[in-house]
Amino acid sequence: KNFLNLSLDGLFAAGASTATDVPALEPGGHDPAQRGFTVQNVEVVFEGAVDPYFRGQANVILQISPEGETVVELEEVYATTTSLPGGLQVKAGQFFTEFGRLNPSHPHSWDFVDQPLVNGRFFGGDGLRSVGGRISWLLPTDFYSEAFLGIQNSQGETLTSFRSVPGETLFGREIVEREVTSFDDLLLAPRYTASFDLTDTQTLLVGASAALGPNGTGASGETRVYGLDGFWKWKSPTAFKGFPFVKLQGEVMYRDVQADAVPEDDLAAAAFEDWGGYLQLNWGYRPGQVVGLRIDRVDGDTGDPGDPALASRLRLSPVWTWFPTEYSKLRLQYNFDQGDAFERDEHSLWLQLEFLLGAHAAHKF
């Protein structure tokens, strides 16, 4: 039968920073945006069975900008098949590209107040997502093994490293209009992931991803992003409500850019590359309480993109999270930021509150 799960998740932050420009320090679209209070994310989710062949989901996001304006966004809306043979599944609609572990997830499922620096730099404030289709194949192996291939549009504000938005700036160049004339003008996103039970109490999941497509610097501009990710979790054999546990997660990404010449700006074509990654450790030391630490690094520009936003950065983030119940949480996080674009080291302290109303679908492991 048809059914509908409806939920609302509110995510709010309060805090302060020594930085005069908080948005430059916190590039994520759902990161704290100012000193004082920020509505990071209010997510309304519609999810359920369409019929025996499809499930559907829509995520509508509301935010309040630092200027007090209410922003409404259709973040995801897609259908997935439920009965294809041979371990196959198809997804179609507007959805997050399945690249790495963090990009396909929503902010309320993160282990930290803000997103890693590399995700903001490579995929923009709102993550890599677009309209298109994806096919996956659950391989017939003794362990979990799944291959994905996504094909999506490559233009729009959520395609930062690719065709993006004409008139804005990318790699120091003004983005030009670029029409879709062939398959090469779309975004191609392959991914493979596998999981292994190392022991009765330990699980390891590893993955490899790529995002390949045109960029908006000209007719021959191309961007290639590659990533490796890993996740390890230990849970006590005598765990109560999932505690105690230890989990380690990390991603590393590499971006290779071929920027086209733009005669109007007298800029020659340029090739450059940069990289970034994060490593985070979380320890659930007692029921409902978790401490963690994340290390972020972005660096490696070897060309001349002419964009100060590509300067090297380092961030250290210790965090403490308390879950009174599965429907709420409080999180306290300190950030130490250091970078070539900053005149000094910056310090920030953020307190986050989340509450959940309604039935929310379980998140992927």
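Preceding this section is the structure that the text describes.
The rules we used
- Residues numbered from 1 in each chain as written.
- Predicted model: local features only at pLDDT ≥ 70, side-chain atom pairs only at ≥ 80, totals over all residues.
- Heavy atoms only, no water.
- Helix = DSSP H or I, 4+ residues; strand = E, 2+ residues; numbered from the N terminus.
- Rg over C-alpha atoms; globule rule 2.2 N^0.38 Å.
- Buried < 20%, exposed > 50% of the residue type's maximum accessible area, 1.4 Å probe, protein only.
- Contact = heavy atoms within 4.5 Å.
- Areas by Shrake-Rupley, 256 points an atom, 1.4 Å probe, with all protein chains shown as cover.
- Lys, Arg positive; Asp, Glu negative; His and termini not counted.
- Charge placed at Lys NZ, Arg CZ, Asp CG, Glu CD.
- Patch = residues over 30% accessible without salt bridge, like charges linked within 9 Å, V, L, I, M, F, W, Y side chains within 5 Å.
- Salt bridge = Lys/Arg side-chain N within 4 Å of Asp/Glu carboxyl O.
- Pairing = 2+ DSSP bridges.
- Polar contact = N/O pair within 3.5 Å; in protein donor to acceptor, adjacent residues only side chain to side chain.
- Phe/Tyr/Trp six-rings, centres within 6.5 Å; stacked < 30°, edge-to-face > 60°.
- Lys NZ or Arg CZ within 6 Å of the ring centre and 35° of its normal.

Undergrad: Tell me about the overall build of the protein chain, and name the residues and values.
TA: A count of helical and extended segments in the protein chain gives 2 helices and 18 strands. For 365 residues, the compact-globule estimate of 2.2 N^0.38 gives 21 Å, and the protein chain sits close to it at 21 Å. Taking the principal axes of its C-alpha atoms as reference, the protein chain extends roughly 65 × 55 × 40 Å. Within the protein chain, buried positions represent 47% of all 365 residues. Contacts in the protein chain between residues far apart in sequence, at least 24 positions, make up 59% of those at least 6 positions apart. As displayed, the protein chain has an accessible area near 17,000 Å², and 61% of this comes from carbon and sulfur atoms. Once the 27 positive and 49 negative side-chain charges of the protein chain are each reduced to a mean point, those two points are 9 Å apart.

Undergrad: Please give an account of a nonpolar patch on the surface that cites residues and values.
TA: A cluster of nonpolar side chains, namely Leu 84, Leu 88, Val 90, Ile 135, Trp 137, Leu 149, Ile 151 and Phe 183, defines an oily patch on the protein surface of about 630 Å² accessible area. For the nonpolar patch, the secondary structure elements donating two or more residues are strand S5 (88-96), strand S6 (129-138) and strand S7 (144-152). Taking the relative accessible area as the measure of exposure, Val 90 reaches 32% and is therefore partly exposed.

Undergrad: Tell me about the pairing of strand S3 (residues 54-64), and please be specific about residues and values.
TA: Here strand S2 (residues 36-49) pairs with S3 via 9 bridges, running antiparallel. Across the sheet, the residue bridging to Val 44 is Val 60, located in S3. In sequence, S2 turns back onto S3 through a hairpin of 4 residues. Pairing geometry for S3 and strand S4 (residues 70-81), over 11 bridges, is antiparallel. Across the sheet, residue Gln 57 finds its bridge partner in S4, namely Tyr 78. Taking the residues between adjacent antiparallel strands as the criterion, S3 and S4 are bridged by 5 residues, where Gly 68 takes a positive phi near 90°.

Undergrad: Got a sec to walk through the environment of Val 319? Specific residues and values, please.
TA: Mapped onto the secondary structure, Val 319 falls in strand S16 (residues 313-325). The exposure class of Val 319 is buried, given its relative accessible area of 5%. Expressed as a C-alpha distance, the spacing of Val 319 and Phe 112, which sit 207 residues apart in the sequence, is 6.9 Å. The residues contacting Val 319, other than those within four sequence positions of it, are Asp 111, Phe 112, Asn 282, Val 290, Val 291, Gly 292, Arg 331, Leu 332 and Gln 333.

Undergrad: Got a sec to walk through the side chain of Asp 31? Specific residues and values, please.
TA: Relative to the assigned elements, Asp 31 resides in the loop between helix H1 (22-25) and S2. For the buried Asp 31, which has no salt bridge, the nearest side chain bearing the opposite charge is Arg 315, at an N-O separation of 5.2 Å. Among the polar contacts made by the side chain of Asp 31, one reaches the main-chain amide nitrogen of Gly 28 at a distance of 2.8 Å. Those residues in contact with Asp 31 that lie beyond four places of it in its chain are Glu 26, Thr 38, Gln 40, Trp 110, Asp 114 and Gln 115.

Undergrad: Report on the packing of aromatic side chains, specifying residues and quantitative values.
TA: For the structure on display, the rule yields 6 aromatic pairs. Centre to centre, the rings of Phe 99 and Phe 123 are 5.0 Å apart; their planes meet at 75°, and the pair counts as edge-to-face. In this pair, Phe 99 is assigned in the loop between S5 and helix H2 (117-123) and Phe 123 in helix H2, connecting sequence segments 24 residues apart. Across the pair, Phe 123 and Phe 99 agree in class, each one buried. Lys 91 extends its terminal NZ or CZ atom over the ring of Tyr 78, reaching a point 4.5 Å from the ring centre.

Undergrad: Lay out the environment of Pro 52 in plain terms, naming residues and giving numbers.
TA: Its place among the elements puts Pro 52 in the loop between S2 and S3. On the basis of relative accessible area, Pro 52 is assigned to the exposed category, the value being 61%. For the pair Pro 52 and Gln 115, spaced 63 residues apart in the sequence, the C-alpha separation amounts to 36 Å. Not counting residues within four places of it along the chain, the set of residues in contact with Pro 52 comprises Thr 82 and Ser 83.

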